[in-house]
Amino acid sequence: FGVAQTTPLQLQVSNQFLTGEIQGLGATATIIPAIFLLVAALVLNVLITRLARQQRTVIGTLKALGYTDWQVFSHFLKYGLSVGIVGGLSGSVLGYLSATGMTLVYRQFFEFPDLRSGFYWYTHIVGISVSLLCAVLGSLHGARAMLKLQPAAAMRPEPPKRGGRIWLERFAACWNSLSSHWRMSLRSIFRNRLRTTAGLFAAAMGAALLFAGFMMTEIQYFLIDFQFHRIVRSDIDLAFADERGDDAWDEVKRLPGVDLAEPQFNLGCTFVNGPYRRKSGITGMLADASLTVPQDIENQPIPIPETGLVITRRLAEILHVGPGDQITVIPVIGERRPVKTVITRVADSY
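Anyway, here's the lowdown on the structure attached to this text. Please read these numbers as outputs of a predicted model, since none were measured by experiment.

Topic: the sheet that holds strand β5 (residues 339-347)
The strands making up a sheet associate through backbone hydrogen bonding, with each pair oriented either parallel or antiparallel.
Now for step 1: The five strands lie next to each other as β2-β1-β4-β5-β3, forming an open sheet whose pairing is mixed. Since the sheet does not close on itself, it has two edges, and those belong to β2 (276-285) and β3 (309-312), each with one partner. Averaged over all pairs of adjacent strands, the angle between strand axes in this sheet comes to 50°, irrespective of strand direction.
Now for step 2: Across four bridges, the pairing between strand β1 (residues 264-273) and strand β4 (residues 326-331) is antiparallel. In the strand pairing of β4, F271 is matched with V329.

Here's the deal with a nonpolar patch on the surface
Now for step 1: On the surface, F211, M215, M216, I219, F222, L223, I297 and Y350 cluster together to form a nonpolar patch covering roughly 770 Å² of accessible area.
Now for step 2: Examined against the element boundaries, M216 turns out to sit in helix α8 (residues 193-231).

Structural notes on the pairing of β2
Walk down a regular strand and you will see the side chains alternate between the two sheet faces.
Now for step 1: As paired elements, β1 and β2 share ten bridges and run antiparallel to each other. Its bridge partner lying in β2, N273 is registered against Y276.

Observations regarding the side chain of T292
Now for step 1: Here T292 shows up in the loop between β2 and β3.
Now for step 2: For T292, a relative accessible area of 16% corresponds to the buried category.
Now for step 3: Of note is the side chain of T292, whose polar atom sits 3.0 Å from the side chain of Q264.
Now for step 4: Those residues in contact with T292 that sit more than four places away from it in its chain are I231, E262, Q264 and M285.

Let's talk about the pattern of salt bridges
Now for step 1: Taken as a whole and assessed by the stated rule, the structure comprises six salt bridges.
Now for step 2: Residue D225 pairs with R230 through a salt bridge whose shortest N-O separation is 3.4 Å.
Now for step 3: For D348, the salt bridge goes to R313, with nearest N and O atoms at 2.9 Å. On the criterion of sequence distance, the pair formed by D348 in the segment after β5 and R313 in helix α10 (residues 313-319) is long-range, its members being 35 residues apart.
Now for step 4: Given the relative accessible area of 31%, D348 is considered partly exposed.

Some details on helix α1 (residues 13-54)
Now for step 1: Over its 42 residues, α1 extends 61 Å from the first C-alpha to the last, a length consistent with the 62 Å expected when each residue adds 1.5 Å.
Now for step 2: What α1 keeps buried is the set I35, V39, A41, L44, N45, I48, T49 and A52.
Now for step 3: Looking at the buried side of α1, the elements it contacts are α2 (56-64), α3 (69-110), α4 (121-145) and α8.

Side note on the packing of aromatic side chains
Now for step 1: What the rule picks out here adds up to eight aromatic pairs.
Now for step 2: Note on Y96 and F119: the rings are 5.4 Å apart at their centroids and 70° apart in plane angle, and the pair reads as edge-to-face. Within this pair, whereas Y96 is found in helix α3, its partner F119 is found in the loop between α3 and α4, the two being separated by 23 residues in sequence.
Now for step 3: Judged by relative accessible area, Y96 falls into the partly exposed class, the value being 29%.
Now for step 4: Residue F119 is classed as partly exposed on the basis of its relative accessible area, which comes to 39%.
Now for step 5: The structure contains a cluster of three or more aromatic residues connected by ring pairs, namely F17, Y106, F109, F110 and F112.
Now for step 6: In this structure, K253 is placed above the aromatic ring of W249, and the distance from its NZ or CZ to the ring centre is 4.4 Å.

The rules behind these values
Residues numbered from 1 in each chain as written. Predicted model: local features only at pLDDT ≥ 70, side-chain atom pairs only at ≥ 80, totals over all residues. Heavy atoms only, no water. Pairing = 2+ DSSP bridges. Helix = DSSP H or I, 4+ residues; strand = E, 2+ residues; numbered from the N terminus. Axes fitted to C-alpha atoms, helices over the stretch in contact; angles between N-to-C directions. Patch = residues over 30% accessible without salt bridge, like charges linked within 9 Å, V, L, I, M, F, W, Y side chains within 5 Å. Areas by Shrake-Rupley, 256 points an atom, 1.4 Å probe, with all protein chains shown as cover. Salt bridge = Lys/Arg side-chain N within 4 Å of Asp/Glu carboxyl O. Buried < 20%, exposed > 50% of the residue type's maximum accessible area, 1.4 Å probe, protein only. Polar contact = N/O pair within 3.5 Å; in protein donor to acceptor, adjacent residues only side chain to side chain. Contact = heavy atoms within 4.5 Å. Expected span 1.5 Å × (residues − 1). Phe/Tyr/Trp six-rings, centres within 6.5 Å; stacked < 30°, edge-to-face > 60°. Lys NZ or Arg CZ within 6 Å of the ring centre and 35° of its normal.

Written out as structure tokens, the structure reads:
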């Protein structure tokens, strides 16, 4: 019935691009919120612990008046729950608005006939629940610290922590050269290990997120420059519905405003090597082409052979072939007659 080729869904370029985009969004929606929530739990832990210590005498007085441990514990736990509820609800609303905006962008970019942003209760419930869980975990340590206190001990101010030399003080020459402010800061850092670890982790995660964002921007600029300034250097690509000969090439070169024209031939085909098959395509071009210059990851031009094929490293791994091996090519147009050809080079490219 005139069908030239059938392509399974998993091999369609549009499906692969969209699936990859959705998977990338899923990874981003999992990793980045997890980092933020973990940092928030650590910060909330430090905050609740400090609040509990500041209200030490008040807690001792309340216990002496008959308040139970659970009432004191739930008092601090409710503070963390309030933070989790407000943060979860705010994030749910802002997330829905952001998702609606992103859906509009995706609908324009991918040209979906109909794509709408729905309100999914399950997603919002999961998000708020995770926010509450992190808030409770962050509040647990500070709230439990007050349960161990006896009323008589809690009504007195908290005794200072046990001092002692830190390991830096063993290096007398270095330690004596420091000012008193630096000595106090270093002692506080090494004596409050949990607080120091939480601060270092929060700073590291913040720097990592900034670094990842800057790297993504740099990567996009690099790939755009690599693709459209080094490989595809033409201003206009003219595609014909069917194959054309040298006469069409000569006619294009004579069009007004054309400085240079180079032909290409794109052929959809199936590569076969024993039990291994892969649907792909072959691009034929001039050996001395200057408008389309394939390059490897080292920014070196890939030489185009007069005969044979240059294939990517990924395709070579899928087909289990290497330079010098023979491979069968089955075109999707014409007689579709299987043709054997030689792999002349395996190129590492993007």
